[in-house]
Amino acid sequence: MQALLYTLAPVLAVVLGAIIASRTKLNPGLVAGLQHLAAGVVFAAAATEILPQVKHEASPSATLIGGAAGVVTMLGLKAFEARFKGPMALLAAIGIDILVDGLVLGLAFVAGEKAGFLLTIALTLEVLFLGLTLTNELAETYRSRLRIIVIVSALALLLPIGALAAVPVATLSPVMVAGFLSFGLMALLYLVTEELLVEAHEKPDTPLISSMFFVGFLALLTLEEIMG
């Protein structure tokens, strides 16, 4: 139930991203800077909260199997996006992406409340850009701004559904939990390296924009240390 409550933040971020994108066109440099910031925050959450939990169990088999499943899932999603075109394929791909984000957030709460809280911050920034990107893509097909916002908002509800799917994991053995966390770790690393940073580098780049990655990383690292 706690994980479900925390998913309200990223759900609202998706809706907010859709509303902003439907009403205004953001400066590409600003968007790139914020994507670097989000990437840094997500990377810090993965490194400080999920990775230590995986290493704590010291189970190579759980780490390998769970991690491999995470890589296959995310690369499979990328292949799906590349092969199928059109608005329905886009909605399906983004929907799966959001569902996986919800699952990873739920898994973070299995690791601990602090891990869940910090990952909520990270994923809220990430899904904000999903809302922005999806709205811009759908604007090429649908004329009604309200219809687009409704579609994006409906997809955002997959976040709590994904978080719910992680609930049974808490009842499993610690080794199996480590395997699921390894899955979540790979999903987060893919999110940083193959989505946020790739999209950010498609826009004009400057040292200031690049530095936002480290600002995000240090900000979350500092917050994690303050929380103790």
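As the structure is a computational prediction, the values presented were derived from the model and not from experiment.

What counts as what
Each chain carries its own residue numbering, running from 1 in the written order of its sequence. This being a predicted model, a pLDDT of at least 70 is required before a residue's local features are given, and a value of 80 or more before pairs of side-chain atoms are given or counted; all residues contribute to the totals for chains, interfaces and linings. Neither water nor hydrogens contribute to the side-chain values; these are computed over all heavy atoms in the structure. Going along the chain from the N terminus, every DSSP run of H or I of four or more residues is numbered as a helix, and every run of E of two or more is numbered as a strand. In this setup the radius of gyration rests on C-alpha atoms only. A globule is expected at 2.2 Å times the number of residues raised to 0.38. Type-normalised accessible area, obtained with a 1.4 Å probe on protein chains alone, sets the label of each residue: buried when under 20%, exposed when over 50%, and partly exposed for intermediate values. Contacts are assigned to residue pairs with any non-hydrogen atoms lying within 4.5 Å of each other. Here, Shrake-Rupley sampling with a 1.4 Å probe gives the accessible areas, and only protein chains in the shown set may cover a residue. Only rings of Phe, Tyr and Trp enter the pairing, Trp through its six-membered ring, and a pair is recorded when the two centres are within 6.5 Å. The plane angle decides the type: under 30 degrees is stacked, over 60 is edge-to-face, the rest tilted. Whenever Lys or Arg places a side-chain nitrogen within 4 Å of a carboxyl oxygen from Asp or Glu, that contact is recorded as a salt bridge. To form a nonpolar core, buried Ala, Val, Leu, Ile, Met, Phe, Trp, Tyr and Cys residues must be joined to one another through side-chain atoms within 4.5 Å. Axis lines are fitted through C-alpha atoms, for helices just across the contact stretch, and the angle between N-to-C directions can take any value from 0 to 180 degrees. Roughly parallel here means an angle under 35 degrees, roughly antiparallel means over 145, roughly perpendicular means 65 to 115, and every remaining angle is called oblique. Here is the rule for handedness: rotate from the far helix to the near one, and if that takes an anticlockwise turn smaller than a right angle the crossing is left-handed, while a clockwise turn gives right-handed. UniProt positions are given in the numbering used here, feature names are shortened, and annotations may be inferred rather than shown by experiment. One less than the number of residues in a helix, times 1.5 Å, gives the span that helix is expected to have. Directions are taken from the helix axis to each C-beta atom, and the arc is the one they span.

Digging into the overall build of the protein
Thought 1: Along the protein, the regular secondary structure elements total ten helices and zero strands.
Thought 2: Helices and strands in the protein line up, N terminus first, as α-α-α-α-α-α-α-α-α-α.
Thought 3: Compactness check: the protein gives a C-alpha radius of gyration of 17 Å against a globular reference of 17 Å for 228 residues, within 12% of the reference.
Thought 4: The principal-axis extent of the C-alpha atoms belonging to the protein is close to 50 × 35 × 30 Å.
Thought 5: Buried positions account for 46% of the 228 residues belonging to the protein.
Thought 6: Once local pairs closer than 6 in sequence are excluded, the contacts in the protein between residues at least 24 apart make up 86%.
Thought 7: By element, 72% of the accessible surface of the protein is carried by carbon and sulfur atoms, the whole surface being about 11,100 Å².

A short note on the packing of aromatic side chains
Thought 1: Scanning all chains against the criterion turns up five aromatic pairs.
Thought 2: With centroids separated by 6.1 Å and ring planes inclined at 80 degrees, the aromatic side chains of Tyr 6 and Phe 117 adopt a geometry described as edge-to-face. Of this pair, Tyr 6 sits in helix H1 (residues 2-6) while Phe 117 sits in helix H6 (residues 113-138), placing them 111 residues apart in sequence.
Thought 3: When the centroid spacing of 5.2 Å and the interplanar angle of 85 degrees are considered together, the rings of Phe 213 and Phe 214 count as edge-to-face.
Thought 4: Looking at Phe 213, the relative accessible area reads 15%, which means it is buried.

Structural notes on the pattern of salt bridges
Thought 1: Taken as a whole and judged by the stated rule, the model has three salt bridges.
Thought 2: For Lys 114, the salt bridge identified is with Glu 49, shortest N-O distance 3.9 Å. One end of the pair, Lys 114, is in helix H6; the other, Glu 49, is in helix H3 (residues 28-57), with 65 residues separating them in the sequence.
Thought 3: Classification of Glu 49 by relative accessible area gives buried; the value is 7%.
Thought 4: Residue Lys 78 pairs with Glu 194 through a salt bridge whose shortest N-O separation is 3.1 Å. Pair noted here: Lys 78 is in helix H4 (residues 60-83) and Glu 194 is in helix H9 (residues 174-200), with a separation of 116 residues, a long-range link.

Digging into the nonpolar core
Thought 1: Residues Val 42, Ile 50, Leu 119, Leu 188 and Leu 196 are the most contacted members of the largest nonpolar core, which totals 43 residues.
Thought 2: Elements with a contribution of two residues or more to this core: H3, H4, helix H5 (87-111), H6, H9 and helix H10 (207-227).
Thought 3: In this view, Val 42 contacts Ala 122, Glu 126, Leu 188, Leu 191, Val 192 and Leu 196; residues no more than four positions away in its chain are not counted.
Thought 4: Formed by 19 residues, the second largest nonpolar core is a distinct cluster that contains Val 11, Ile 98, Ile 148 and Ala 156.

Examining the packing of H5 against H9
Thought 1: H9 packs onto H5 with a crossing angle of 130 degrees between their chain directions and a minimal axis gap of 9 Å. It follows from the interaxial angle that H5 and H9 lie oblique. Read as a crossing pair, H5 and H9 show a hand that is left-handed. Of the residues in H9, those in contact with Asp 97, Val 100, Leu 103, Val 104, Leu 107, Val 110 and Ala 111 of H5 are Val 177, Phe 180, Leu 181, Phe 183, Gly 184, Ala 187, Leu 188 and Glu 195.

Observations concerning the UniProt feature "transmembrane region" (unreviewed entry) in the protein
Thought 1: Within the UniProt annotation, "transmembrane region" (unreviewed entry) is assigned to residues 58-77, 89-109, 115-134, 146-169, 175-193 and 205-223.
Thought 2: Segment residues 89-109 splits into 100% helix and 0% strand. End C-alpha atoms: 31 Å apart.
Thought 3: For residues 205-223, helix accounts for 89% and strand for 0%, while the C-alpha atoms at its two ends are 27 Å apart.

Details of the environment of Ala 3
Thought 1: Residue placement: Ala 3 occurs in helix H1.
Thought 2: Here the alpha-carbon distance between Ala 3 and Pro 174, two residues 171 residues apart in the chain, equals 19 Å.

Regarding helix H2 (residues 8-23)
Thought 1: With 16 residues, H2 extends 23 Å from end C-alpha to end C-alpha; this agrees with the ideal 22 Å at 1.5 Å per step.
Thought 2: Taken residue by residue, H2 has Pro 10, Val 11, Ala 13, Val 14, Gly 17, Ala 18, Ala 21 and Ser 22 as its buried positions. End-on, the buried residues of H2 take up no more than an arc of 165 degrees, which puts them together on one face. Facing away from the buried side of H2, by more than 90 degrees, are the exposed residues Leu 12 and Arg 23.
Thought 3: Here the buried face of H2 lies against H1, H5, H6, helix H7 (145-156) and helix H8 (158-165).

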